[in-house]
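Spelled out from the first residue to the last, the chains are:
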Amino acid sequence: MVQSAILGFPRMGVNRDLKKATEAYWGGKISQADLLAEAKRLRLAHWKIQQDAGVDVIPSNDFALYDHVLNQIQDFGAVPPRYTKDGLDLVDQYFAMGRGHQKNGIDVPSLEMVKWFDSNYHYVKPTLQNGQTFKLADEPKAVAAFNEAKEAGIKTRPVLVGPVSFLHLGKADRDQTVDPIDLLDALLPVYEQLLVKLKEAGAETVQIDEPTLVFDLPAKSKAAFKPAYEKLASLGDKIPKLVFTTYFGDIVHNLDVLPKDVYAVHVDLVRNPEQLDEVIGALGPNTILSAGVVDGRNIWKTNFKRAIETVETAVQKLGKDRVIAATSSSLLHTPHTLASEKKLDAEIADWFSFASEKAVEIATIAKAVTEGPAAVREQLEANAKSLQARASSSRTNDPKVKDRQSKVTDADYKRKSEFPTRISLQQKKLNLPLFPTTTIGSFPQTKEIRLQRNRFTKGEITEAEYDKFIEKEIEENVKIQEELDLDVFVHGEPERNDMVQFFGERLDGYAFTTHAWVQSYGSRCVRPPIIVGDISRPAPMTVKESKYAVSVSKKPMKGMLTGPVTCLRWSFPRDDVHQSVQAEQLALALRDEVVDLQNAGVGVIQVDEPALREGLPLRAGKERTAYLDWAVKAFRLSTAGVEDDTQIHSHFCYSEFQDFFHAIAALDADVLSIENSKSDAKLLKVFVDEAYPRHIGPGVYDIHSPRVPSEQEIKDRIQEMLAHLKPEQLWIDPDCGLKTRQWKETKEALVNLVNAAKAFRAQYSK
Ligand SMILES: CN1c2c(nc(N)[nH]c2=O)NC[C@@H]1CNc1ccc(C(=O)N[C@@H](CCC(=O)N[C@@H](CCC(=O)N[C@@H](CCC(=O)O)C(=O)O)C(=O)O)C(=O)O)cc1
Ligand SMILES: N[C@@H](CCS)C(=O)O
Ligand SMILES: [Zn+2]
């Protein structure tokens, strides 16, 4: 029989219960025991959902209080010494690594957190020492979770990040030189011990995630697969059978190192259906194929006919007992359940499938292949009807949008003059000092702001009352910036629930949800709006608030927009139209907004593109070139409609610039603010090597942590930057928006930032 399998389930719960519990714990409102009890309740609830859906293979150890890679960092004893020296208990040590700890005289920043492949999820980077040793925890979370499910009568398949991916996704700690992959021999015994323990607990199979196999790997990492999996294979029946799992790309270029003697190999056939034949050809003689046919990254109903055909193609070659039907990746990237969406238009809701519905889908697909279509005839018919209704719906198609797209010309992508002319006109208008200070846009989204927005959404206060409240917040933000003596102000984005959702809610062509939260990092969630049709802007989206901010401010005010690529990437995109077309539609809508802002007296406009890097195809080659071409064009199309003396800023919170520099430069933004605070200042070298001519603000402190950086720390950062960048091109700013922070720490950090900038200004003005 063809079994159904899920690779991972969202952790937050139906009402973001995990977020609420962790934040309550951090705030001292609940005890550690309460937090752990809530986590247990959620795990059980999620296993039950999958069991009730009829899923054969249910994952365990996919859950994490903060991040699943962080779970392994701790369970493998790969905790940098700065987190062990203060005697924190294991839970607090874990959170200290995730989000920093500054309490009771303990002051330690978090570990670096970066994008999980090309998704909007973030993982904590294994941060390794020279001569790193590993030691398995006494009670590894994988074993505890397996036992917990077993006690509830649910047999699960534990999930682990595999040894090669764990190391490849890691890095050497600051001032350390170790190449993580060289630690493989030291690490493997820990996997062996853990796998033996899982077998002893009763686990028959283990999902061992090696998604880095989709990359173009450096030779050393690639070469690590063979010895690692030969070693594990040599343990025979002492360990569970391994399901070697890849996702988010094809593995055809790395088939030469695909282990032959694993029990099963999982591949993502939603992203790369074309890899099927070649992967089957490279399987060991008894290896099972786990065919990822239900999309773990998007919310569209699965096309049953197509998915079943794919699974059947595999079955024809391998037989029913050598094929598993699975989700393409973990469902972590999808919301919990469509059932919570009471306000979605019924026609549109019928097109979607969230995690709980996908669980039913994968069970249905497996049943259709095992028992034949007649066994699920009703489901197949309903699915075909729904897909047909979407394909023929008038709501997906807007001829006016298409007409405008057909009229875009080359001139629309170009500013009127080159940067030197622009910057001198801008400087005349803005009159900024050396080392200008600014922030990235958002100020703390306080409880009060969320409460008032919630009341407005529920109709408990009028639009006029809400607008008045927002005006008061903007005024307050301006006052604080005056007191801080920052140079370029922001209005603080109090009116925005999220930098993408806010725009989705104001654009035609989008649907948005009330409960469809997806974890972004730690306790932070996003509710990606859904692109269902052609996109256009029915009315200005941000002009009212920015115009008000200009009217109450004596200093230059920066208008704040989310760029077309980020709007696209952090939405659930359409799967029936190429992403470049959706990006161009967004760009045209934003272009009108940019011009409207300028005409309303906003002289500096920041168009954020933090997701531009994340969208880069995972492998170099023609797909990457094509992506960069349309992504850069979309940004330019959205910003190039302004006059020379309007200063365009852009912001990126992710700093892997080496493979990306030329795209950033090609955006032609006057000022870039980039994340740099946790990364090595050496990264900035690329801006020197490539003689980056425009202005740049590499973030001087990390905003993801509540920790306040000292003035000296910031000065040290600026000093490091000056080794690479000219004083005339350097801006001083935090490395991202401050919406997740409290006001107290925000003000303290910004006082230190302004003082540090002033010290350098005084030094360089002499
Ligand atoms: C900058 N980043 C962003 C990413 N992706 C985005 N889509 N947006 C981003 O800003 N990716 C990379 C980075 C880092 N990632 C994140 C992700 C999420 C947050 C964040 O702060 N999320 C908030 C939720 C924001 C939001 O939508 N808020 C709404 C709803 C607020 C709410 O919870 N309301 C309550 C009721 C009100 C109350 O009583 O409190 C409810 O609905 O129950 C809003 O403000 O209206 C989060 O809290 O997780 C940051 C960075
Ligand atoms: N302007 C946004 C950018 C976040 S990436 C903010 O400040 O929150
Ligand atoms: Zn950012």
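Residues numbered from 1 in each chain as written. Chains lettered and ligands numbered in written order. Predicted model: local features only at pLDDT ≥ 70, side-chain atom pairs only at ≥ 80, totals over all residues. Heavy atoms only, no water.

The condition that has to hold: UniProt positions are given in the numbering used here, feature names are shortened, and annotations may be inferred rather than shown by experiment.
Taking an unreviewed UniProt entry as the reference, the protein is identified by name as 5-methyltetrahydropteroyltriglutamate--homocysteine S-methyltransferase belonging to Clonostachys solani. According to the UniProt record, the Pathway (unreviewed entry) comment for the protein reads "Amino-acid biosynthesis; L-methionine biosynthesis via de novo pathway; L-methionine from L-homocysteine (MetE route): step 1/1." Listed under Function (unreviewed entry) in UniProt, the entry text for the protein is "Catalyzes the transfer of a methyl group from 5-methyltetrahydrofolate to homocysteine resulting in methionine formation."

1. Topic: the packing of helix α1 (residues 17-26) against helix α2 (residues 32-52)
How we decide: Angles shown run from 0 to 180 degrees and are taken between the N-to-C directions of axes, each axis being a line fitted to C-alpha atoms and, for helices, limited to the stretch in contact. The secondary structure listing takes helices from DSSP runs of H or I that are at least 4 residues long and strands from runs of E that are at least 2 residues long, numbered from the N terminus. Any angle that is under 35 degrees is reported as roughly parallel, and any over 145 degrees as roughly antiparallel; angles of 65 to 115 degrees are reported as roughly perpendicular and all others as oblique. Between two residues, a contact is recorded if the distance between any of their heavy atoms is within 4.5 Å. Lys, Arg, Asp and Glu make up the charged group, whereas Ala, Val, Leu, Ile, Met, Phe, Trp, Tyr, Cys and Pro make up the nonpolar group; the residues left over, Gly among them, are polar.
At a closest axis distance of 9 Å, the pairing of α1 and α2 adopts a crossing angle of 170 degrees. In terms of orientation, α1 lies roughly antiparallel with respect to α2. In this structure, α1 uses Asp17, Leu18, Ala21, Thr22 and Tyr25 to contact α2, whose residues at the interface are Gln32, Leu35, Glu38, Arg41 and Leu42. Among the residues making up the contact of α1 with α2, the classes are represented as 5 nonpolar, 2 polar and 3 charged.

2. Things to note about the site of ligand 1
The line we're drawing: What makes a residue near a molecule or strand is one non-hydrogen atom of that residue sitting within 4 Å of it. Pairs of N or O atoms within 3.5 Å make up the polar contacts considered here, provided that, within protein, one atom can donate a hydrogen while the other can accept it, and that residues adjacent in sequence are counted only when both atoms are side-chain atoms. Note that accessible areas follow from Shrake-Rupley with a 1.4 Å probe, and for residues the cover is restricted to the protein chains shown.
Taken together, the neighbourhood of ligand 1 is formed by 26 residues, with Lys19, Asn120, Arg453, Asp498 and Lys739 sitting nearest. Interatomic distance of 3.1 Å between a side-chain N/O atom of Arg450 and an oxygen atom of ligand 1. Interatomic distance of 2.4 Å between a side-chain N/O atom of Lys739 and an oxygen atom of ligand 1. Bound to the protein, ligand 1 loses 87% of the 980 Å² it would expose on its own.

3. Focus: the coordination of the zinc ion (ligand 3)
Put simply, the ideal angle at a metal is 109.5 degrees for four donors in tetrahedral geometry and 90 or 180 degrees for six donors in octahedral geometry. The condition is simple: Sites may look incomplete, because water is not among the atoms used; the donor set itself consists of N, O and S atoms within 2.8 Å of the metal (3.2 Å for Na, K and Ca). Here a site with four donors is tetrahedral if all angles are between 85 and 135 degrees, and a site with four or six donors is square planar or octahedral if opposite donors are over 155 degrees apart and the other angles are between 65 and 115; anything else gets the irregular label.
Donor atoms from the polypeptide that bind the zinc ion (ligand 3) are His651 (NE2), Cys653 (SG) and Cys736 (SG), placed at 2.1 to 2.3 Å. Viewed at the metal, the 4 donor atoms of the zinc ion (ligand 3) are separated by angles of 99 to 123 degrees, and the geometry they form is tetrahedral. The sequence pattern describing where the donors of the zinc ion (ligand 3) fall on their chain is H-x1-C-x82-C. Of the two residues, Cys653 sits in the loop between β22 (647-652) and α23 (661-666) while Cys736 sits in the loop between α25 (711-722) and α26 (743-765), which places them 83 residues apart along the sequence.

4. Overview of the environment of Pro706
Within the secondary structure, Pro706 sits in the loop between β24 (695-698) and α25. Once the C-alpha coordinates of Pro706 and Lys744 are considered, the two residues, 38 residues apart in sequence, prove to be 9.6 Å apart. Ignoring any residue separated from it by four or fewer positions in sequence, one finds Pro706 in contact with Arg99, Gln102, Arg741 and Glu745.

5. Looking at the packing of aromatic side chains
Quick reminder of the rule: In summary, the pairing rule links any two rings of Phe, Tyr or Trp, Trp by its six-membered ring, whose centres are within 6.5 Å, and it sorts them by plane angle into stacked for under 30 degrees, edge-to-face for over 60 and tilted for everything else. Categorising residues by exposure relies on relative accessible area from a 1.4 Å probe, with only protein chains included: less than 20% of the type maximum marks a residue as buried, more than 50% marks it as exposed, and the intermediate range marks it as partly exposed. Two conditions define a charge located above a ring, namely a distance within 6 Å from the ring centre to NZ of Lys or CZ of Arg, and an angle within 35 degrees of the ring normal.
A full pass over the atoms with the stated rule returns 25 aromatic pairs. Here Phe225 and Phe244 contribute two aromatic rings whose centre-to-centre distance is 6.0 Å and whose plane-to-plane angle is 70 degrees, an arrangement assigned as edge-to-face. On the criterion of sequence distance, the pair formed by Phe225 in helix α8 (residues 219-233) and Phe244 in strand β11 (residues 241-245) is long-range, its members being 19 residues apart. Assigned by exposure class, Phe225 and Phe244 land together as buried. When the centroid spacing of 5.4 Å and the interplanar angle of 65 degrees are considered together, the rings of Trp300 and Phe352 count as edge-to-face. In this pair, Trp300 is assigned in the loop between β13 (288-294) and α10 (304-318) and Phe352 in the loop between α11 (346-349) and α12 (355-371), connecting sequence segments 52 residues apart. Three or more aromatic residues joined by ring pairs form one cluster here, namely Trp116, Phe117, Tyr123, Phe215, Tyr247 and Phe248. A cation sits over an aromatic face here: Arg390 above Trp300, 3.6 Å from the ring centre.

6. Here we look at the nonpolar core
We apply this condition: Residues enter a nonpolar core if they are buried and are Ala, Val, Leu, Ile, Met, Phe, Trp, Tyr or Cys, with the set joined through side-chain atoms within 4.5 Å.
If you look at the biggest cluster of nonpolar residues, it comprises 134 residues, and the most contacted ones within it are Phe134, Phe166, Leu198 and Leu289. Setting aside anything within four residues of it in sequence, one finds Leu289 in contact with Val265, Val267, Leu276, Val279, Ile280, Leu283, Ala314, Leu318, Arg322, Val323 and Ile324. Within the second largest apolar cluster, 94 residues are counted, among which are Val478, Leu586, Ala631 and Tyr692.

7. With respect to the sheet that holds β24
Just so we agree on the cut-off: Strands are labelled as partners when DSSP assigns at least two bridges between them.
Spatial ordering of the open sheet is given by β15-β20-β21-β22-β23-β24, a layout of 6 strands whose pairing is parallel. Of all the strands in the sheet, just β15 (489-490) and β24 have a single pairing partner and so form its edges. Pairing of β22 with strand β23 (residues 671-674) involves 4 bridges; the strand directions are parallel. The partner of His651 across the bridge, within β23, is Ser673.

8. Some thoughts on the UniProt feature "binding site: 5-methyltetrahydropteroyltri-L-glutamate" (unreviewed entry) in the protein
Following the UniProt record, the feature "binding site: 5-methyltetrahydropteroyltri-L-glutamate" (unreviewed entry) maps to Lys19, Asn120, Arg524, Cys525 and Trp570 here. Position of Asn120 relative to the elements: it lies in the loop between β5 (113-115) and β6 (122-124). Only 2.8 Å separates the side chain of Asn120 from the side chain of Lys115, close enough to count as a polar contact. Assignment of secondary structure puts Cys525 in strand β18 (residues 524-526).

9. Some remarks on the site of ligand 2
Lining the immediate environment of ligand 2, one finds 13 residues, of which Ile440, Ser442, Glu493, Asp608 and Gly737 sit closest. The side chain of Asp608 places a nitrogen or oxygen atom 2.7 Å from a nitrogen atom of ligand 2. Contact with the protein chains covers 98% of the free accessible surface of ligand 2, which is 270 Å². Looking at side-chain class alone, the shell around ligand 2 contains 6 nonpolar, 4 polar and 3 charged residues.

10. Observations concerning the side chain of Gln405
With respect to the element layout, Gln405 can be found in helix α14 (residues 399-406). Residue class for Gln405 comes out buried when judged on its relative accessible area of 12%. One polar contact links the side chain of Gln405 to the main-chain carbonyl oxygen of Val581, over a distance of 3.2 Å. Apart from the residues lying within four places of it in its own chain, the contact partners of Gln405 are Val581, Glu584, Gln585 and Leu588.

11. What to know about the UniProt feature "binding site: L-methionine" (unreviewed entry) in the protein
The sites that carry the UniProt feature "binding site: L-methionine" (unreviewed entry) are, in the present numbering, Ile440, Gly441, Ser442, Glu493 and Asp608. A maximum C-alpha distance of 13.0 Å is found for the annotated residues, which run over 169 residues; spatially they form one tight group. Note that Gly441 resides in the loop between α15 (419-430) and α16 (447-457). Excluding anything up to four places from it in sequence, Gly441 contacts Val490, Gly492, Glu493 and Met560. With respect to the helices, strands and loops of the structure, Glu493 is situated in the loop between β15 and α18 (501-504). Exposure remark for Glu493: the relative accessible area of 7% places this residue in the buried category. The contacts of Glu493, once residues within four sequence positions are left out, are Ile440, Gly441, Ser442, Gln445 and Met560. A polar contact of 3.4 Å, which involves the side chain of Glu493, links it to the backbone nitrogen of Ser442.

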